[in-house]
Amino acid sequence: MIPSRTIRAMSSHILSDHLPEPTLQFAYGQSCEHPKDGLFLFGPYDSSGCQGGVRYGTLGTTQGIERFRRWVGQVRSTITPEKSAPHLTTWPGFSAAFGVDLPASAQVEIALDAAKISEAIRRADRHAAVHETVSLFESAIRHHLKHEEERPDVWFVVIPEEVYRHGRPESTVPKAERTGGLLGPSARSIARAGKQGQQFLFPEDARIAEYHEFELNFHNQLKARLLDTGAVIQIVRETTIAPYHFLKADGKPVRRVDDASTIAWNLCTAIFFKAQGKPWKLASVRDGVCYVGIVYKKLHAATPTGNACCGAQMFLDSGDGVVFKGLIGPWYSEATKQFHLTQDKAAELMRQIIEEYSRKHGAPPRELFLHAPSHFVDEEWEGFLSAAPKTTAVTGVRIRRDNQFKLYLESGSTPVLRGTLLRHHEKRAHLWSLGYVPRLKTYPGWEVPSPLEVSVSKGDADISQVCADVLSLTKLNFNACIYGDGVPVTLRFAHAVGEILTAAPTQAGSRALSFRYYI
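None of these values were measured; they are calculated from a predicted model.

Participant: I'd like a rundown of the overall build of the chain, residues and numbers included.
Facilitator: In terms of regular secondary structure, the chain is built from 15 helices and 19 strands. Residue burial in the chain is summarised as follows: out of 519 residues, 55% are buried. Long-range contacts, defined here as pairs at least 24 residues apart, represent 71% of the contacts in the chain between residues at least 6 apart. For the chain, the exposed area adds up to about 23300 Å²; of that, 49% sits on carbon and sulfur atoms.

Okay, here's the thing in structure tokens:
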């Protein structure tokens, strides 16, 4: 029997505890721990944003569109798990779960030429391959938005498996399958010349240099290049929605995927959120508290300005948030091997956060927590404080996964409970955001769970309250319908946002957008 309240302390100066599982609120003011339970029994917290049903567009090959139609037909009805297990839940159907309709037919369907996609993604120069493939999808959406009146809430980009396989960093195409274009030293030398500002005599050389300014990632590049259109994108692999259409010689699917009911829960929750629904919110929130995730990502194209800093703001009343375009600058120090903002740029980011929060809530936050994977230095911290109102208490929190620290129970094979907390002192603790979950009767993982190391880097806050907030923030990942994530959504989404913001050579100062444009 695992103690529900305390575990044995590892040493006399470490205090151990167990944080209660945060609860979520759904329709009719009802609450429970598991999002699947809440949606199944009560429905979403707020569906007013898509009361007329989810208007969606579908983009892909003719076969891909047909496979997506069949999948929509399936998720409009009940899907029973393939096996009986406590962690698997019957999918009740889209309208039963969310209270709004997912129509059987798309508002817009755009069929792309499968042969052109296959040819583009197999270009010898991988940058050209990904850029040209993205262009096929991007131009189709832009053309529709320019010439047609229908405005889908969500665009489903259904991609063949070859786009996923060859549209990622480090992917290669067998020599016999390549479809032309420069490869190796020639393309790389042109790319280097372009980064140094060289002008090109031949248009094709200029195109190659441009292609190399974009990240080698179909998913990230497509989303980055469509940010200015306001189009919300959900990229779906054909093998996800139709695994049994792609079989190996032994009759098994070429790719191992989740149970069909689990796929429905996860993908449909993301669809509902991206269509401006609010699946759930935290049942217990402290008024006037704001959480911001800060992450640094290197720009794909080498520039004198170096790196991009991204700020992602979370509003706990809804679970949604606003993303701020990265502040671009030389934030990386070779001496310390760390990223840090200058004082003036930290102040600029803080002003954006306060202005956006005040616009949404009518007043600045009472408490503001900055979450980051590294400590804040004095210079940038002074910048944050200088732009924050005197009425706002600002706290800097470092959160990182500590894979070297493990905790084992004295008896039994069950891992440590999710929510276990070891407080080393008043400003540092280890929190197990992963672990055994009584509701699921299992630990949803393969290895011994590693904790998060949570430290109050700047400011003054109770470490137990900080850790309780972090645990709560692991339950707001609307990109999946899971019991709890391993990291708080502030950092989870900040990393995802950073990948999008650095995938294309966009300019700083873009308007703030909701998370749904990035995840």
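Right, picking up where we left off after that structure.
Participant: I'd like a rundown of helix α15 (residues 489-501), residues and numbers included.
Facilitator: Helix length check: α15, at 13 residues, gives a terminal C-alpha distance of 17 Å against a target of 18 Å (1.5 Å per residue), a fit within 8%. The set of residues buried in α15 consists of Val489, Thr490, Leu491, Phe493, Ala494, Val497, Gly498, Ile500 and Leu501.

Participant: Would you mind going over unusual backbone geometry in detail, with residue names and values included?
Facilitator: At Gln276, a position not held by glycine, the phi torsion is positive, near 80 degrees. For Gln276, the position within the fold is in the loop between α11 (260-274) and β8 (281-282). On the basis of relative accessibility, which here comes to 45%, the residue Gln276 falls in the partly exposed class. Even without being a glycine, Lys441 presents a positive backbone phi close to 55 degrees.

Participant: So what's going on with the packing of aromatic side chains? Which residues, and what values?
Facilitator: In the structure shown here, the tally under the stated rule is 17 aromatic pairs. A ring pair is formed by Trp280 and Phe478, whose centres lie 5.0 Å apart and whose planes are at 75 degrees; its orientation type is edge-to-face. Linking Trp280 in the loop between α11 and β8 with Phe478 in the loop between α14 (463-473) and α15, this pair joins segments that are 198 residues apart in sequence. No difference in accessibility class separates Trp280 from Phe478, as the two residues are buried. The interplanar angle of 70 degrees and the centroid separation of 6.1 Å between the aromatic rings of Trp381 and Phe384 together place this pair among those described as edge-to-face.

Participant: Report on the nonpolar core, specifying residues and quantitative values.
Facilitator: Trp71, Trp91, Phe94, Phe98 and Tyr518 are the most contacted members of the largest nonpolar core, which totals 75 residues. Of all the elements, α11 adds the most residues to this core, at 8 residues. With sequence-adjacent residues up to four places away left out, Phe94 is seen in contact with Val54, Val75, Arg76, Gly99, Val100, Asp101, Leu102, Cys268, Ile271 and Phe272. Val292, Phe324, Leu368 and Ala388 belong to the second largest nonpolar core, which has 25 residues in total.

Participant: I'd like a description of the environment of Arg122, backed by residues and values.
Facilitator: Among the structural elements, Arg122 can be located in the loop between α4 (114-121) and α5 (126-147). Here the alpha-carbon distance between Arg122 and Arg178, two residues 56 residues apart in the chain, equals 5.1 Å. With near-sequence residues (within four places) excluded, Arg122 lies in contact with Glu162, Arg165, His166, Val173, Glu177, Arg178 and Thr179.

Participant: Quick rundown of the pattern of salt bridges? Include the residues and the values.
Facilitator: This model, assessed by the stated rule, comprises 26 salt bridges. Across the pair Arg398 and Glu453 runs a salt bridge whose closest N-O atoms are separated by 3.5 Å. Highlighted residues: Arg398 in strand β15 (residues 393-401) and Glu453 in strand β18 (residues 452-458), separated in sequence by 55 residues. Like Arg398, the residue Glu453 is buried in the burial classification. The network of salt bridges with common partners includes Glu66, Arg69, Arg70 and Glu109.

Participant: I'd love a proper account of the pairing of strand β17 (residues 428-431), names of residues and values included.
Facilitator: Looking at chain direction, strand β16 (residues 420-425) and β17 are connected through 4 bridges and run antiparallel. Across the sheet, the residue bridging to Leu421 is Leu431, located in β17. Connecting the antiparallel pair β16 and β17 is a turn made up of 2 residues. Pairing analysis gives 4 bridges linking β17 to β18, with the strands arranged antiparallel. Bridge assignment links Arg428 to a residue of β18, and that residue is Ser455.

Participant: Can you explain the pairing of β18? Please cite residues and give values.
Facilitator: β18 sits mainly inside the fold: 7 of its 7 residues count as buried. Pairing geometry for β15 and β18, over 6 bridges, is antiparallel. Looking at β18, one finds that Gly396 is bridged to Lys458.

Participant: Lay out the sheet that holds strand β7 (residues 233-237) in plain terms, naming residues and giving numbers.
Facilitator: Spatially, the 4 strands line up as an open sheet ordered β5-β4-β6-β7, and their pairing is parallel. Each edge of the sheet is formed by a strand with only one pairing partner; in this case those strands are β5 (108-111) and β7. With direction set aside, neighbouring strand axes in the sheet form an average angle of 15 degrees. Pairing between strand β6 (residues 154-159) and β7: 5 bridges, direction parallel. The residue of β7 that forms the bridge with Trp155 is Ile233. On top of the sheet, α5 reaches β4 (56-60), β5, β6 and β7; it is set at about 150 degrees to β6, its chief contact. Across the sheet, helix α9 (residues 218-225) lies against β6 and β7, angled at about 155 degrees from β7, the strand it touches most.

Rules used in this analysis
Residues numbered from 1 in each chain as written. Predicted model: local features only at pLDDT ≥ 70, side-chain atom pairs only at ≥ 80, totals over all residues. Heavy atoms only, no water. Helix = DSSP H or I, 4+ residues; strand = E, 2+ residues; numbered from the N terminus. Buried < 20%, exposed > 50% of the residue type's maximum accessible area, 1.4 Å probe, protein only. Contact = heavy atoms within 4.5 Å. Areas by Shrake-Rupley, 256 points an atom, 1.4 Å probe, with all protein chains shown as cover. Expected span 1.5 Å × (residues − 1). Phe/Tyr/Trp six-rings, centres within 6.5 Å; stacked < 30°, edge-to-face > 60°. Core = buried A, V, L, I, M, F, W, Y, C linked by side-chain atoms within 4.5 Å. Salt bridge = Lys/Arg side-chain N within 4 Å of Asp/Glu carboxyl O. Pairing = 2+ DSSP bridges. Axes fitted to C-alpha atoms, helices over the stretch in contact; angles between N-to-C directions.

Purely geometric numbers; function is a separate question.
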